[in-house]
Amino acid sequence: MSSDSVRLPRRQASILLGLGLAALLAGCQVRPLYDEASGTSENLAAIAYSDVGSRVGLEVRNRLIFLSSGGAGEAKTPQYRVQLNVTSSVSGVELQRNTDNPNVGRVIVTASYTLKRISDDVTLRTARRQTVALVDFPEQEFAKRRAILNGEDRAAHQLAELIRADLAATLGR
């Protein structure tokens, strides 16, 4: 008799625990970020990006337009506006022994941006993102300049991917 009296409360407790976990999991709303039902793709395609003043900023802006619209170009009737400010810098990391010239460097591209809804001028998101691309500095000056340009392009494309994901998460809410 005593084993039955112990077994019954354990069984009831395990049933209640199972029901509680099932109720908790039923409240979860996990869905894909780019779900068609959420309208994230349409919202991303309805973003207008501000003009930028540098070559690297233009790389970021053009890549964002391509990623947001799926290659369709800028929005004809934008519902959102992104004010974009992009800066880049290059620094040497490792110096050669005899000449004190850097032979390895890093390119840092930083963007500050604000997403606003055009209809009521409400700020939905303000953020700052940064990417780093490592580059080798060859002895020839032209090759060094080309390496820096390639590093800036790589960092700009990575930065656009980060910003797009951030914008999609904001607009998907």
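In this text, all values refer to a predicted model and were calculated from it rather than measured experimentally.

**Q** Please clarify how a nonpolar patch on the surface should be interpreted in this entry.
**A** Together, Ile15, Leu16 and Leu19 give the surface a local cluster of nonpolar side chains, amounting to about 320 Å² of exposed area. The topology assignment puts leucine 16 in helix α1 (residues 2-26).

**Q** How should the pattern of salt bridges be read in this particular structure?
**A** When the charged atoms of two side chains with opposite charge come close together, those side chains can pair. Taken as a whole and assessed by the stated rule, the structure comprises eight salt bridges. Aspartate 51 is the salt-bridge partner of arginine 61, the closest N and O atoms lying 3.8 Å from each other. You can see arginine 61 sitting in helix α3 (residues 55-69) and its partner aspartate 51 sitting in the loop between β1 (47-49) and α3, a full ten residues away along the chain. Exposure remark for arginine 61: the relative accessible area of 9% places this residue in the buried category. Here aspartate 51 falls in the exposed class, since its relative accessible area comes to 66%. Residue aspartate 166 is joined to arginine 125 by a salt bridge in which the shortest nitrogen-to-oxygen separation is 3.1 Å. Here arginine 125 lies in strand β4 (residues 122-136) and aspartate 166 lies in helix α4 (residues 141-171), a separation of 41 residues in the sequence. Classification of arginine 125 as partly exposed rests on a relative accessible area of 24%. The network of salt bridges with shared partners includes Asp51, Arg61 and Glu74.

Basis of the calculations
Residues numbered from 1 in each chain as written. Predicted model: local features only at pLDDT ≥ 70, side-chain atom pairs only at ≥ 80, totals over all residues. Heavy atoms only, no water. Patch = residues over 30% accessible without salt bridge, like charges linked within 9 Å, V, L, I, M, F, W, Y side chains within 5 Å. Areas by Shrake-Rupley, 256 points an atom, 1.4 Å probe, with all protein chains shown as cover. Salt bridge = Lys/Arg side-chain N within 4 Å of Asp/Glu carboxyl O. Helix = DSSP H or I, 4+ residues; strand = E, 2+ residues; numbered from the N terminus. Buried < 20%, exposed > 50% of the residue type's maximum accessible area, 1.4 Å probe, protein only.

Purely geometric numbers; function is a separate question.
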